[in-house]
Amino acid sequence: MKRLFDILVSCIGIILFLPFLLLLSILIKLESRGQILFKQERVGQHARRFMLYKLRSMYTDKRIEKEFDFSKDEERITKIGSFIRRTKLDEVPQLFNVLKGDMSIVGPRPTIQNQVDQYVGNQFKRLTMKPGLTGLAQINGNRLLTWDERIEYDLRYMEEYSFFLDMKIISKTILVILLGEQKFLRTGQKKKQNKINLMFLGATKTSYSALEALINAEIPIKVCASLRKVGNAPTDSERKGNLKDLAHANGIPYYEVDSNNDIIHLLQNYQPDAIFAISWPKIIRKDVLQYTPIGCVGFHPTPLPLRRGGAPLNWLLIDGKTESKLTLFKMREGIDDGPILHQKTFTMDKDDYIDDVLQNISEPVKELVVEAYQKLLLNRNCFIEQDEGLATYTWRRTPEDGFIQWDDSSHRIYNFIRGISRPFPGAFSYLEGEKLTIWRAEEVTGLKLKAKEKSGKILSLVHDELIIATRDYCLKITEFEYKKSLYSKENKDEIATFVQSHNGKCLEGKG
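Everything quoted here is computed from the prediction, not taken from an experiment.

Asks: Help me understand the pairing of strand S6 (residues 221-227) in this model?
Replies: When a strand is regular, its side chains alternate between the sheet's two faces. With six of seven residues buried, S6 is to be regarded as a mostly interior element. Here S6 runs beside strand S7 (residues 254-257); their pairing, made up of four bridges, is parallel. Residue pairing for S7: Leu-227 is matched across the bridge by Val-257.

Pasting the structure below:
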């Protein structure tokens, strides 16, 4: 029945809109050079690719179109393009896609492959239905929604599909075109605008960034808690994120806790709707996780379900990754296996050290927590289950795991050093039975070994640089610690003396 409806409506639509298509084609051609139709490959039902048609609304730029660079779209829109976009007339040629069977009148909007590659969990279900001209997301805010929110509406449409729902969506689409998307987003928000009161748990600089963003967005936080200082453990302030001062400056009750019982006591006193636990290093007990109506939202800096487990940022650098995702998810008793609330991509430079990454994720973390909260306002049940079939794991690291295997490639050792440098214990080896900790290194270019040297051997290629042979090449050490003395490239005389004293010796195990 749906296919028959699609054929009937597309035929009638083509006949009715044909005069407008001819007129708009002339206007598009007169305003700017290029094809009248914009054609782009999209992903349809069952991941089948097809060519989607639209009236061209921008000045032609083949490079941008090929690379799917949307950042300059607004600058490229023509005058007639602005009109046909606002009235959705640029979408009319897709009636031919419907007639051909590539699309339906109502369904999830067709996407490009780059977007499909970012799907997680049950988001792939979106590909089990034909894409449509309009859908549930298009009548509830469309471009004003986040990408994940649009997918949630699409999945909801697929679950609730009926002929009468299609009629409702088509009718409301006409109102959206006439009145604008903003009006319908506001209407939807008014229905769901009950505030969600949070308890915030945090203990690091990343936690500080998240709390700061929530405060700046005027999100209600009923109580904030951090870890109590125990023994020689660093205080909250020493971790570069003074949550106490930030909370007090904004009138938020602040407490320091050291057990799940302390957290339960705060929950009983303040009765929040949800917990945001951002970079919380302690195991959270089941009764805490299940205490609030929404649950406990945890943070993990990988694209879950990939790389669940310990030391995630360290392992990203050790493995040479330059891109990952920050993930907020509902915490369960398992290892990072709860349903996903929101994800945000971040990048790392190939020469970033772990302290650079910890600093650079500050801004995406701020965006992540605010966007996630806004999603919860729209739909408290917007969590998406992870695909267990895609799950991978990393394990926690100990200081002893920092021992360097010099019989490895220079590049892998370089990444290893970057991944566990300060504020972590650092990569290390032994020289004459004494520990040598390496904080900074550089991959050597332009220097060639005369013969195969033993891995770990100190080379005298440059008199004031510590260069170590590896399995395939060599590595320059620019900052290291030995016998309680710190050596760095800023003081080359000290390094020159060190190299002269230890030339030809090997870094190896403690023996």
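There is more to say after this.
Asks: When you look at the sheet that holds strand S5 (residues 198-202) in this model, what are you seeing that I'm missing?
Replies: In any sheet, the strands associate via hydrogen bonds between backbone groups, in a parallel or an antiparallel arrangement. If you walk across this open sheet you meet the seven strands as S7-S6-S5-S8-S9-S11-S12, and the pairing is mixed. With one partner strand each, in any of the chains shown, S7 and strand S12 (340-347) form the two edges of the open sheet. Strand-to-strand twist across the sheet, computed as the mean angle between neighbouring axes with direction ignored, equals 20°. Contacting S5, S6, strand S8 (274-278) and strand S9 (295-300), helix H10 (residues 205-216) crosses the sheet at an angle of about 155° to S5.

Asks: I keep staring at helix H4 (residues 79-86) and nothing clicks. Help me out?
Replies: An α-helix turns once every 3.6 residues. As a result, residues three or four positions apart point the same way. Taken together, the buried positions of H4 are Ile-80, Gly-81 and Ile-84. What you see down the axis of H4 is that its buried residues fit within an arc of 100°, all on one side. Residues of H4 that are exposed and point over 90 degrees away from its buried face: Lys-79 and Arg-86. Looking at the packing, one finds that the buried side of H4 touches helix H1 (2-31) and strand S2 (49-55). A distance of 2.9 Å separates the backbone nitrogen of Gly-81 from a side-chain oxygen at the start of H4, and that oxygen is part of Thr-78. Residue Lys-88 follows H4 closely and has a positive phi angle near 65°.

Asks: Can you walk me through the environment of Glu-371 in this structure?
Replies: Looking at the secondary structure, you find Glu-371 in helix H16 (residues 362-378). Residues Glu-371 and Leu-341, spaced 30 residues apart in sequence, show a C-alpha to C-alpha distance of 9.8 Å.

Asks: Explanation requested: the packing of aromatic side chains in the structure shown.
Replies: Aromatic ring pairs are described here by two measures, namely the spacing of the ring centres and the angle between the planes. For the structure on display, the rule yields 14 aromatic pairs. Considering the side-chain rings of Phe-480 and Tyr-487, the 4.7 Å spacing of their centres and the 5° angle between planes classify their relative orientation as stacked. By relative accessible area, which is 15% here, Tyr-487 ends up buried. For the pair Tyr-482 and Phe-498, a centre-to-centre distance of 5.6 Å together with 80° between the ring planes defines the contact as edge-to-face. Taken as a pair, Tyr-482 in strand S18 (residues 474-482) and Phe-498 in helix H18 (residues 492-502) lie far apart in primary sequence, 16 residues in all. Here the aromatic residues Phe-480, Tyr-482, Tyr-487 and Phe-498 are joined through ring pairs into a cluster of three or more.

Asks: Is there a simple way to explain helix H12 (residues 260-270) in this structure?
Replies: Buried residues of H12: Asn-260, Ile-263, Ile-264, Leu-266, Leu-267 and Tyr-270, and no others. Seen along its axis, H12 keeps its buried residues to an arc of 160°; they face one direction. Of the surrounding elements, those touching the buried residues of H12 are S5, S6, S7, S8 and helix H13 (286-289). Taken from the residues just after H12, Gln-271 is the one with a positive phi, measuring 50°.

Asks: Teacher, can you tell me more about the nonpolar core here?
Replies: Counting residues in hydrophobic clusters, the biggest one holds 43 residues, and the most contacted among them are Phe-200, Leu-328 and Val-369. Broken down by element, the residue count for this core peaks at eight residues, all from H16. Contact partners of Val-369, with chain neighbours within four places excluded, come to Ala-210, Ala-213, Leu-214, Phe-276, Ile-278 and Leu-328. Judged by nonpolar contacts, the second largest core, of 34 residues, contains Val-43, Ile-80, Val-92 and Ile-105.

Asks: Teacher, can you tell me more about the side chain of Lys-476 here?
Replies: The topology assignment puts Lys-476 in strand S18. For Lys-476, a relative accessible area of 17% translates into the label buried. A polar contact of 3.4 Å, which involves the side chain of Lys-476, links it to the side chain of Glu-465.

Asks: Help me understand the packing of H1 against H4 in this model?
Replies: The axes of two packed helices give the description: the angle between them and the distance between them. The geometry of H1 relative to H4 is characterised by a closest axis approach of 9 Å and an angle of 145° between their N-to-C directions. For the pair H1 and H4, the contacting residues are Leu-24, Leu-27, Ile-28 and Glu-31 in the first and Lys-79, Ile-80 and Ile-84 in the second. Looking at the contact of H1 with H4, its residues break down into five nonpolar, no polar and two charged.

How each quantity is defined
- Here the residue numbering is sequential within each chain, running from 1 through the sequence in written order.
- For this predicted model, a pLDDT threshold of at least 70 governs which residues receive local features, and a threshold of 80 or more governs which side-chain atom pairs are given and counted, while totals over whole chains, interfaces and linings are taken from all residues.
- The basis for the side-chain values is all heavy atoms of the structure; hydrogens and waters are excluded.
- We call a residue buried when its accessible area falls under 20% of the maximum for its residue type, exposed when it is over 50%, and partly exposed in between, using a 1.4 Å probe and counting protein chains only.
- Under the DSSP-based scheme used, a helix requires at least four consecutive residues in state H or I and a strand at least two consecutive residues in state E, with every element numbered from the N terminus.
- Two strands are counted as paired when DSSP detects at least two bridges linking them.
- In this description, a line fitted to the C-alpha atoms serves as the axis of each element, helices being fitted only across the stretch in contact, and the angle between N-to-C directions of two axes falls anywhere from 0 to 180 degrees.
- Here a residue-residue contact requires only that any non-hydrogen atoms of the pair lie within 4.5 Å.
- In this description, one arc is meant: the one made by directions from the helix axis to the C-beta atoms.
- The term polar contact refers here to a pair of N or O atoms within 3.5 Å; inside protein, the definition further demands a hydrogen-donor-capable atom paired with an acceptor-capable atom, and it admits residues adjacent in sequence only when both atoms are side-chain atoms.
- Pairing of aromatic rings covers Phe, Tyr and the six-membered ring of Trp, with a centre-to-centre limit of 6.5 Å; geometry is then stacked below 30 degrees between planes, edge-to-face above 60, and tilted otherwise.
- Nine residue types can take part in a nonpolar core, namely buried Ala, Val, Leu, Ile, Met, Phe, Trp, Tyr and Cys, and a core is a set of them joined through side-chain atoms within 4.5 Å.
- In this classification, the charged set is Asp, Glu, Lys and Arg, the nonpolar set is Ala, Val, Leu, Ile, Met, Phe, Trp, Tyr, Cys and Pro, and all remaining amino acids, among them Gly, are polar.

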